[in-house]
Amino acid sequence: MNELAKRFLNGDVRALSRAITVIEQGRPEAQELLEELASERPGDLAPTVGLTGAPGAGKSTLTSALIGAARRAGRTVAVLAVDPSSPYSGGALLGDRLRMSEFILDPGVFVRSMSARGQLGGLSPRAAEAVWLLRAFGFDEVIVESVGAGQSEHGLAALADTTVVVLTPGAGDSIQLEKAGIVEIADVFAINKADLPGAEAFARAVKAMQSIGPRRVWTPPVVRTIALADDSHVSDLWEAIQGHREHLAAHGPSITAAALVDRVATTVAEQARIWAERQSRLTSAELTSDPQLLIARLLGHLRLSEDLDPITPPVPEVRR
Amino acid sequence: MTSTDHHALEGHYDRWLDEHAAELAGAGELSTSSGIPIKPLYTPLDLEQIGWSYERELGLPGEAPYTRGFSAAGYRSKLWKMEMYAGFGSAEDANRRYRYLIEQGSTGGVSMALDLPTQIGMDSDDPMARIEVGQMGVALSSFADVERVFDGIPLDRVGHIFTTANCIGPIAAAWFLVLAEKQGVDTSTFDVQIQNDPIKEYIARGTQFLPIEASVRLATDMLQHMNQVAPNWLPISVSGSHMKQAGSTCVQEAAFTICNGIAYVETCLAKGMRIDDFGENIELHFCTEMDFFEEVAKYRAVRAVWTQLVRERFGGTTEAAQHFRLHAATSGRPLTAQQPLNNISRITLQILAQILGGCEQTRTASFDEALGIPTEEAARTSIRANQIIAYESGVPATVDPLAGSYYVETLTHEFRRLIWEEIARVDEMGGAVEATRQGYFQQKLADGAYRDQVAVDSGEKVIVGVNRFQLDDETPVPVFTLNEDGINRQLDRLGRLRKERDNEAAEASLRRLAEVCATDENVMPAVLDCVRNYATTGEISQVWRSVFGEYRSEMSKL
Amino acid sequence: MNDDNPAIRAVVSKIGLDGHDRGAKVIARGLRDAGMEVIYTGLRRTPQELAEIVLQEDADVIGLSILSGAVVPLASAMQEALAARGLDDVLIVVGGIVPAATRADLAALGIDGAFGPGTAISDVVGFIQGRLGRRVDAGV
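Residues numbered from 1 in each chain as written. Chains lettered and ligands numbered in written order. Predicted model: local features only at pLDDT ≥ 70, side-chain atom pairs only at ≥ 80, totals over all residues.

**Thoughts on the overall build of chain B**
Point 1. Tallying secondary structure elements over chain B gives 24 helices and 10 strands in all.
Point 2. A compact globule built from 558 residues would reach a C-alpha radius of gyration of about 24 Å, and chain B, at 25 Å, matches this within 12%. (Helix = DSSP H or I, 4+ residues; strand = E, 2+ residues; numbered from the N terminus. Rg over C-alpha atoms; globule rule 2.2 N^0.38 Å.)

Shown next, in the form of structure tokens:
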């Protein structure tokens, strides 16, 4: 067995960190590493919570609060924080860690920042493998926090056992609710910044919307959170997540593997359709035969057109 | 302008544009450092276009909208105040300097820099403080250190003391109040100015250690208390200079500062204060950089906007309420280490912009600023620059001499418009505190800093002597030595203090402080008690941390 | 970035008590636009915290912004903290006030990436890419 795999299985955190890099960079040894780990790994994979939502919804702060709740419950936690990458340079400014600073030296907490790399669906297959590594390493909890930009929430939902969709009152309420698939993929709704006016009304609106759709076995609870101000609200969220886990244990996953494949395929088709519709928005300089680059650029346009996180171009807009 | 004249001019102007089209286009498009486009020529047509009227935009000096200044005779009757900033390292150095000044008969006043641990609410023996104790300023871990600085110095001879205590504002205020108490000196016989502007720390300077609302509560508690017991002191200097130096544009500097000022004032009003009582003790502090006419426009616009806020938003009824302190310091940022004498020219232009902007309080940097602590010669040269403008140039002989310039008035008007726009935007976000919490200001600053860097790297923005007109010689850079002895002495003293003071009294006063902090009561009386009992800076700050929580970044933007 | 030219992972941080982060944020953006993945860690990080972050993020390089006079002690402390976690191979780059004497002291520690005021972003990028043996053209 290779050295890295051995150290990983021995609980060497640096080996975990290195292994993630090997997978992310698609190094030749990646496949072998995964296979070795999969065959030797003791025990079950750790339960995974996915946190998604629009930029500015306060996901990172909520993640930090969840880490705190988990630690208070004596659980170790691994976090994967995914941020968008620049479609121009491929680089990324990863700042989610800033909100988790109090846990840096806590040996029971591991945080890894990852760039979404303009991948279709916001989470790439390699990100999924990285999540698997975190789950297999031995942490009690894994939290994946991802940029929520339209279709990308589906990718995250596929990875996580429990998907928490983070919304904020007032931030374009109807737009958030109408966004394709948000209501479908949520296992728990967290209305963050719940101290803002309109939070209660918004929570009621979300619940009302749930009663309109098809009857589901699991009705996602709507939890109001004020991440930092009030620990009790975070425990509400933690309770809701535990509740969903109990439901899963009793009834199995809410989606079969086949349905999951279908859902991913739909996501891809959706992306392609949007791409075709908006192809004309790319300038001739941006059209390229490289499909990944083309999609990355399109995603860049999509983000800009949906008024989401502005991405600073490398050449500044000096107003002349 | 009559409509016939207007029509005629329009015709001439159009003809002129056509005739000289190539020449005008050749220079390309230019804009101010804030991105406001600059036309090749400004005429009365530009004023017409913005609906400019003398009454509405300017008025007369000493009257609303105060664009032209606060006093009828301007500099004719009273020149601007010229402060020089001089920081100290050790308490001994500060003590020596004060004694020297008093001997020389000076009451000009001095500034007292505090070391970083003190500013961040840490004692000198805090593990995080070690190598930074006493480095960028004096270490003041307790009132005993303050007594040491002022040993043998009568406060009523010291004039004006300024200190950049921000998040520890109430503690600094307590030091000087207790010092005056102990010396039996009336607070009206000398001046203390405390920066006390925590919001900008979160945005640009980084000494915050509490949640932002707690910092604002503490700052305004101090303001309220000072207004009652030492109404001639200056309890707040809402600062834009740090934000501009961190990357904001000139417009943003003005607008963000005003937004922060609104947050403080409205918090004070909510405590039952009236702006008529403290309006003139508010200082808005800015720095002057190199875009000459922008800076002039900025100072004129800030006067107009703030006084309007006092009248229309804060409920001010008196002239005094509107007559805030407009403070301008020449910025050290444009000063280069390369060919330092060039900085004399830069500083002169900066001073001139401040004067033409009508500032009453100013501070001037020295030409060797980029090389370390200014020499006496450099400091003197800066004072002389002020004096040459004051006595040789004729500029102060009339009030607001640039008024009526088509360009300056268009620019001033545009500044006012943009500032009001920003105020509305920040209001919609929930105010300056909420905007800061979200990282809105910070992102603007970082974007601006990046734009600036790219422009300098590409040569698009010229810095004489740095990316153009360079010399080949090696650039001198400041040398810095760590003062190990000073650190050890301070640690010694602090250790002894902790043993020798009345620990029961200190602890009791800290407990009382914790109780008060949990209510809405003004914290100052409790802080004063802590200081009297030699509770340390760190201990007082720790009470705050435990009651209010530790600062945590909540920014959703980077 | 592609598999043949994987993105460089850089931690950028202020270390020590100084809170002026203009330079650190400019460099963070500059490295991002040069194709690197930049983990920005904010203010007042201790050497121990930064070493832990470097380990978890598997960073190739750590950029420290130090504007106080304590450049050498802090850089040295950082080096020790990294060594304690077995991370000796991580590149340390320092930005701040670095006169000749300070440069010499840093070089003696084995740190020769020291950048003072007036540094262009491309200088820093070029240095890092050169040291890590990456191609200068970091196109997507």
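After that view of the structure, there is still more to cover.
**Looking at the overall build of chain C**
Point 1. Helix and strand counts for chain C stand at five helices and five strands.
Point 2. In sequence order, the secondary structure elements of chain C are arranged as β-α-β-α-β-α-β-α-β-α.
Point 3. Against the globule reference of 14 Å for 140 residues, chain C gives a C-alpha radius of gyration of 14 Å, in line with a compact fold.
Point 4. Over its C-alpha atoms, taken along the principal directions, chain C stretches across nearly 40 × 35 × 25 Å.
Point 5. With 140 residues in all, chain C has 59% of them scored as buried.
Point 6. In chain C, once contacts between residues fewer than 6 apart in sequence are set aside, the share between residues at least 24 apart is 73%. (Buried ≥ 20, exposed ≤ 12 C-beta atoms within 10 Å, placed from the backbone. Contact = placed C-beta atoms within 7 Å.)

**Let's talk about the interface of chain A and chain C**
Point 1. With 30 residues of chain A at the interface, the matching set in chain C holds 28 residues.
Point 2. Elements represented by at least two residues in the side of chain A that touches chain C include exactly helix H2 (13-24), strand E3 (92-94), strand E4 (109-115) and helix H12 (291-305) of chain A.
Point 3. Broken down by element, the residue count for the side of chain A that touches chain C peaks at six residues, all from H2(A).
Point 4. Pairing of E3(A) with strand E2 (residues 37-40) of chain C involves three bridges; the strand directions are parallel. (Pairing = 2+ DSSP bridges.)

**Quick notes on the domain arrangement of chain B**
Point 1. Per the domain assignment, the segments making up chain B are domain 1 (1-29) and domain 2 (57-72 + 84-332 + 346-458).
Point 2. Measuring from the centre of the C-alpha atoms in domain 1 of chain B to the corresponding centre in domain 2 of chain B gives 43 Å. (Domains from an automatic or database assignment.)

**Section: the sheet that holds E3(A)**
Point 1. With parallel pairing, six strands are arranged side by side in an open sheet as E3(A)-E2(C)-E1(C)-E3(C)-E4(C)-E5(C). Each having just a single partner strand, E3 of chain A together with strand E5 (113-115) of chain C make up the two edges of the open sheet. Recorded for the sheet is a direction-independent mean angle of 20° between the axes of neighbouring strands.
Point 2. Most of the contacts of helix H3 (residues 71-84) of chain C go to strand E4 (residues 91-96) of chain C, to which it runs at about 160°, and overall it touches strand E3 (61-66) and E4 of chain C. (Axes fitted to C-alpha atoms, helices over the stretch in contact; angles between N-to-C directions.)

**Description of helix H1 (residues 22-33) of chain C**
All names here are of chain C.
Point 1. Across its 12 residues, H1 extends 17 Å between first and last C-alpha, which sits within 8% of the 16 Å expected from 1.5 Å per residue.
Point 2. Of all 12 residues in H1, 12 are buried, a share of seventy percent or more.
Point 3. By the burial criterion, the buried members of H1 are Arg22, Gly23, Ala24, Lys25, Val26, Ile27, Ala28, Arg29, Gly30, Leu31, Arg32 and Asp33.
Point 4. Looking one or two residues beyond H1, the residue adopting positive phi is Gly35, at roughly 95°. (Expected span 1.5 Å × (residues − 1).)

**What about the sheet that holds E4(A)?**
Residues and elements named next belong to chain A.
Point 1. The parallel open sheet is built from seven strands, whose spatial order is E4-E2-E5-E1-E6-E7-E8. With partners counted over all chains shown, the strands left at the sheet margins are E4 and strand E8 (222-224), one partner each. Averaged over all neighbouring strand pairs, the angle between strand axes comes to 20°, with direction disregarded.

**Focus: the nonpolar core**
Point 1. B:Val527, C:Val38, C:Ala75 and C:Val94 are the most contacted members of the largest nonpolar core, which has 192 residues in total.
Point 2. With 12 residues, the single largest contributor to this core is helix H12 (residues 250-270) of chain B.
Point 3. Excluding its chain neighbours within four sequence positions, the residues that come into contact with C:Ala75 are C:Leu64, C:Ile92, C:Val94, C:Leu106, C:Leu109 and C:Ile111.
Point 4. One finds A:Leu4, A:Leu66, A:Phe139 and A:Val165 within the second-largest nonpolar core, a separate group that totals 66 residues. (Core = buried A, V, L, I, M, F, W, Y, C linked by C-beta atoms within 7 Å.)

**Topic: the pairing of strand E7 (residues 188-191) of chain A**
All names here are of chain A.
Point 1. Because side chains alternate across E7, one face comprises the buried residues Val188 and Ala190, and the other comprises Phe189 and Ile191, equally buried.
Point 2. In terms of strand pairing, strand E6 (residues 162-167) meets E7 through four bridges, oriented parallel. By the bridge assignment for E7, Val166 is matched with Ala190.
Point 3. Relative to E8, E7 runs parallel, the two being bridged by three bridges. Within E8, the position partnered with Ala190 by the bridge is Val223.

**Some points on the packing of helix H10 (residues 212-229) of chain B against H12(B)**
Describing two packed helices takes the angle between their axes plus the distance from one axis to the other.
Residues and elements named next belong to chain B.
Point 1. Between H10 and H12, whose axes approach to 10 Å, the crossing angle comes to 65°. The two elements H10 and H12 cross, and the hand of that crossing is right-handed. Residue-level contacts link Val216, Ala219, Thr220, Leu223 and Gln224 of H10 to Ala263, Tyr264, Thr267 and Cys268 of H12.
Point 2. Its residues assigned to classes, the contact of H10 with H12 comprises six nonpolar, three polar and no charged. (Left-handed = near helix turned anticlockwise from the far one by under 90°. Nonpolar A, V, L, I, M, F, W, Y, C, P; charged D, E, K, R; others polar.)

**Description of unusual backbone geometry**
Residues and elements named next belong to chain B.
Point 1. Note that the residue after Ala64, namely Pro65, is joined by a cis bond; omega there is 0°.
Point 2. On the secondary structure map, Pro65 appears in the loop between helix H4 (54-57) and strand E3 (81-83).
Point 3. We note that Asn196 has phi near 45°; this positive angle belongs to a residue other than glycine.
Point 4. As for its placement among the helices and strands, Asn196 is situated in the loop between strand E6 (191-194) and helix H9 (198-205).
Point 5. Given 30 C-beta atoms within 10 Å, Asn196 falls into the buried group.
Point 6. Phi is positive for Phe469, which is not a glycine, with a value near 60°.
Point 7. With respect to the helices and strands, the residue Phe469 is situated in the loop between helix H20 (440-458) and helix H21 (484-500).
Point 8. Note on Phe469: 12 C-beta atoms within 10 Å, which makes it exposed.

**Some points on the packing of H12(B) against helix H14 (residues 292-312) of chain B**
Residues and elements named next belong to chain B.
Point 1. Where H12 contacts H14, the axes come no closer than 10 Å and their chain directions differ by 20°. By the criterion of interaxial angle, the relationship of H12 to H14 is roughly parallel. Seen along the crossing, H12 lies across H14 with a hand that is right-handed. Two secondary-structure elements touch here, H12 through Cys250, Ala254, Ile258 and Ile262 and H14 through Glu294, Glu295, Lys298, Ala301, Val302, Val305, Trp306 and Leu309.
Point 2. Split by residue class, the contact of H12 with H14 holds nine nonpolar, no polar and three charged. (Parallel < 35°, antiparallel > 145°, perpendicular 65-115°, else oblique.)

**Quick look at the pairing of strand E2 (residues 77-83) of chain A**
All names here are of chain A.
Point 1. Across the seven residues of E2, seven count as buried, placing the element largely inside the fold.
Point 2. Here E2 runs beside E4; their pairing, made up of seven bridges, is parallel. In the sheet register, Asp83 faces E4, and the bridge partner there is Ser115.
Point 3. By the bridge criterion, five bridges tie E2 to strand E5 (residues 141-145) in an arrangement that is parallel. Looking at the pairing, Val77 lines up with Glu141 of E5.

**Some points on the confidence of the model for chain C**
Residue and element names in this part refer to chain C.
Point 1. Mean pLDDT over chain C works out to 91, with 94% of the residues at or above the 70 mark.
Point 2. Low pLDDT, under 50, characterises residues 135-140; the predicted model gives this stretch 11 contacts beyond four residues in sequence or across chains.
Point 3. Confidence estimates for the predicted assembly give a pTM of 0.89 and an ipTM of 0.93. (pLDDT = per-residue confidence, 0-100.)

**A closer look at helix H4 (residues 59-72) of chain A**
Residue and element names in this part refer to chain A.
Point 1. Taking 1.5 Å per residue, 14 residues should reach 20 Å; H4 reaches 20 Å between its end C-alpha atoms and fits that length.
Point 2. In terms of burial, H4 is a largely internal element, 12 of the 14 residues being buried.
Point 3. Burial in H4 covers these residues: Lys59, Ser60, Thr61, Leu62, Thr63, Ser64, Ala65, Leu66, Ile67, Gly68, Ala69 and Ala70.
Point 4. Directly beyond the C-terminal end of H4, a positive phi value near 75° is found at Gly74.

**Here's the deal with the environment of B:Asp123**
All names here are of chain B.
Point 1. With respect to the helices and strands, Asp123 occurs in the loop between helix H6 (116-119) and helix H7 (143-149).
Point 2. Spatially, the C-alpha atoms of Asp123 and Thr537 are 6.1 Å apart, while their sequence positions differ by 414 residues.
Point 3. Those residues within four positions of Asp123 in sequence are excluded, and the remaining contacts are Ser141, Leu494, Thr536, Thr537 and Gly538.

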